[in-house]
Amino acid sequence: MMNNADMRGIFSALLVSYNEDGSINEKGLREIIRHNIDNMKVDGLYVGGSTGENFMISTEEKKRIFEIAKDEAKDQIKLIAQVGSINVYESVELAKFATALGYDAISAVTPFYYKFSFNEIKDYYNTIINSVNNRLIIYSIPFLTGVDMTVEQFGELFKPAGSQRNLWVSIANKDIFTADICIYGDIAVNQGVAVTVGG
């Protein structure tokens, strides 16, 4: 099991600069990254989230953003790559790509739009985590995805499936009770899972 102590601190969700034609503005993106590192003194960046318009761009554009962020930040800060998608094959492709680049962790939002069953969501996360040797953050943001999991379901996601699990959960939910139970209850205390709250 990987130690998550190195992932403590302030992590900023990376904004992405685009040109008027919708293409990535590499110069602007690099300036944003440098601003976060040099001026804001962040400990890490969360790359490929909704603040970067992630769900409106192609797989190749997502990869290019991962490349630029890693090239600019190098090893000055920690990097988390958001690889979640309603297409698990894209998620796996991005997870492998980001891991090969040297990202410190990957993250995946719960699959959305279609009403996936919990077993399908569980299979989605198992497929991603078993495809790479990296840490995975389950990113739960119900007010955007429409997927609201129970405490018991969160606990089920962290049960070993034949190999060690390198997982933790980030909860962006107005239901503070669920977050509290995850943090102070069975999931964090007995299963050794890191839980963060925010979004």
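Residues numbered from 1 in each chain as written. Predicted model: local features only at pLDDT ≥ 70, side-chain atom pairs only at ≥ 80, totals over all residues. Heavy atoms only, no water.

As for the pairing of strand β5 (residues 136-140)
- Burial of β5 is extensive: 5 of the 5 residues sit out of reach of the surface.
- Of the pairings in the sheet, the one linking strand β4 (residues 105-109) to β5 comprises 4 bridges and is parallel in character. Bridged to A108 within β5 is I138. (Buried < 20%, exposed > 50% of the residue type's maximum accessible area, 1.4 Å probe, protein only. Helix = DSSP H or I, 4+ residues; strand = E, 2+ residues; numbered from the N terminus. Pairing = 2+ DSSP bridges.)

Describing the side chain of S91
- Examined against the element boundaries, S91 turns out to sit in helix α3 (residues 88-101).
- Among the polar contacts made by the side chain of S91, one reaches the main-chain carbonyl oxygen of V83 at a distance of 2.9 Å.
- Those residues in contact with S91 that sit more than four places away from it in its chain are V83, G84, S85, Y124 and I128. (Polar contact = N/O pair within 3.5 Å; in protein donor to acceptor, adjacent residues only side chain to side chain. Contact = heavy atoms within 4.5 Å.)

Thoughts on the pattern of salt bridges
- By the definition in use, this model includes 16 salt bridges.
- Put simply, K63 and E93 hold a salt bridge, and the shortest N to O gap is 2.6 Å. Residue K63 is found in helix α2 (residues 59-73), and its partner E93 is found in helix α3; the two are separated by 30 residues along the sequence.
- Overall, E93 belongs to the partly exposed group, its relative accessible area being 34%.
- Note that K70 is salt-bridged to D75, the shortest N-O span being 3.0 Å. (Salt bridge = Lys/Arg side-chain N within 4 Å of Asp/Glu carboxyl O.)

Remarks on empty space enclosed by the protein
- A full pass over the atoms with the stated rule returns 1 cavity of 30 Å³ or more.
- Considering only enclosed or pocket space, the largest cavity measures out at about 50 Å³ in volume.
- In terms of lining residues, the largest cavity is bounded by V16, G48, G49, G52, N54, I57, K62, I65 and F66. (1 Å grid on protein atoms, 1.4 Å probe; cavity = no way out; pocket = protein on both sides within 12 Å on 5 of 7 lines; lining within 4 Å. Points joined across faces, edges and corners; volume = space filled by probe spheres on them.)

Topic: the environment of E60
- By the secondary structure assignment, E60 is in helix α2.
- Considering only alpha carbons, one finds E60 and L94, 34 residues apart in sequence, at a separation of 9.4 Å.

Examining α3
- Over its 14 residues, α3 extends 20 Å from the first C-alpha to the last, a length consistent with the 20 Å expected when each residue adds 1.5 Å.
- Of the residues making up α3, those classed as buried are E90, S91, V92, L94, A95 and A98.
- Packing partners of the buried residues in α3 comprise α2, β3 (78-82), β4 and α4 (118-129).
- The N-terminus of α3 is capped by N87, whose side-chain oxygen sits 2.9 Å from the backbone nitrogen of Y89. (Expected span 1.5 Å × (residues − 1).)

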